[in-house]
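Residues per chain, in single letters:
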Amino acid sequence: MKKNNFLISASFVVAVIFLHLTAKAQLSLDIESGAIIAGYNDVRIPGNEGTLFSLTDDLNAKPTAFIRLRAGYTIKSRHTISVLYAPLTVKSDGSTTFPIDFERVTFPANTPIDASYTFNSYRITYRYDFVKRPKFEFGLGFTAKIRDAEIALTSQGLASSKTNVGFVPIINFRLNWIMNEKFGLLLEGDALAAPQGRAEDVLLAATYKITRKIALKAGYRILEGGADNDEVYNFSLFNYISAGAIIVF
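So, here is what we can say about the structure in this document. The shown structure was predicted, so the numbers you read here are calculated from the model rather than taken from an experiment.

Let us now look at the pairing of strand β13 (residues 197-209). Side chains on a regular strand alternate between the two faces of the sheet. The pairing of strand β12 (residues 183-194) with β13 spans 12 bridges and is antiparallel. Within the sheet, the bridge partner assigned to L187 lies in β13 and is L204. Once β12 ends, the chain turns through 2 residues before running back antiparallel as β13. Where β13 lies against strand β14 (residues 214-228), 13 bridges are found, and the strand directions are antiparallel. By the bridge assignment, T207 is partnered in β14 with K217. What sits between the antiparallel neighbours β13 and β14 is a turn of 4 residues.

See below:
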């Protein structure tokens, strides 16, 4: 009986603490879409033996549409936890004047090649807003990123691909300049550089509030980074023409 009373009391305390923390909590949904235009995308696989070639210069990369979804949960206006789903696939095609050794398969020169570059990203972020003023907001945090990547080549009966799934820790930041009741300027992203490689995913956008709970945004996003090791050499840059909406529930 005493054990049951203890469990009931503990559960009550946990419930009270949770209700206290979430009393001023907000749910949000950030939807972003638009077009991706590849900048550069240099590949050599394996990183110490393969042929260095470009999916954008040696082949023709096709612009593609994208969508990104982020769900957020903000507690007491300063603590934000969010999850992001950001798929990315860009197709390239063409031929090269030189043979390509890619993941132990040789693709002859002057033959048609179809290439696919996939870099799907799943992220969990915690951010704390150090500055929370009527006209200015600034926060820093930490993002745990899972990348699900694949580079694949096919040509006249030949096929080869390199897949990679890994964890990447990144620094998260957000700066929001609220110009007036309607317009604002938003700079936010994840970025980190290390000897093993680098990663930047940054958005600069203008925002416009339709209502107190719905805002539109439009701007430019850059996704850049890569790694150089014995297994993989890949550095890429993608330009995003972006538009979306932020909905607070």
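There's plenty left to go through after this.
This part is about the side chain of R127. Mapped onto the elements of the fold, R127 is located in strand β9 (residues 113-132). Of the polar contacts made by the side chain of R127, one reaches the side chain of D129; its length is 3.4 Å. Beyond its immediate chain neighbours, meaning those up to four positions away, R127 contacts R78, H79, T80, G139, L140, G141, N172, F173 and R174.

Parameters and conventions
- Residues numbered from 1 in each chain as written.
- Predicted model: local features only at pLDDT ≥ 70, side-chain atom pairs only at ≥ 80, totals over all residues.
- Heavy atoms only, no water.
- Pairing = 2+ DSSP bridges.
- Helix = DSSP H or I, 4+ residues; strand = E, 2+ residues; numbered from the N terminus.
- Polar contact = N/O pair within 3.5 Å; in protein donor to acceptor, adjacent residues only side chain to side chain.
- Contact = heavy atoms within 4.5 Å.

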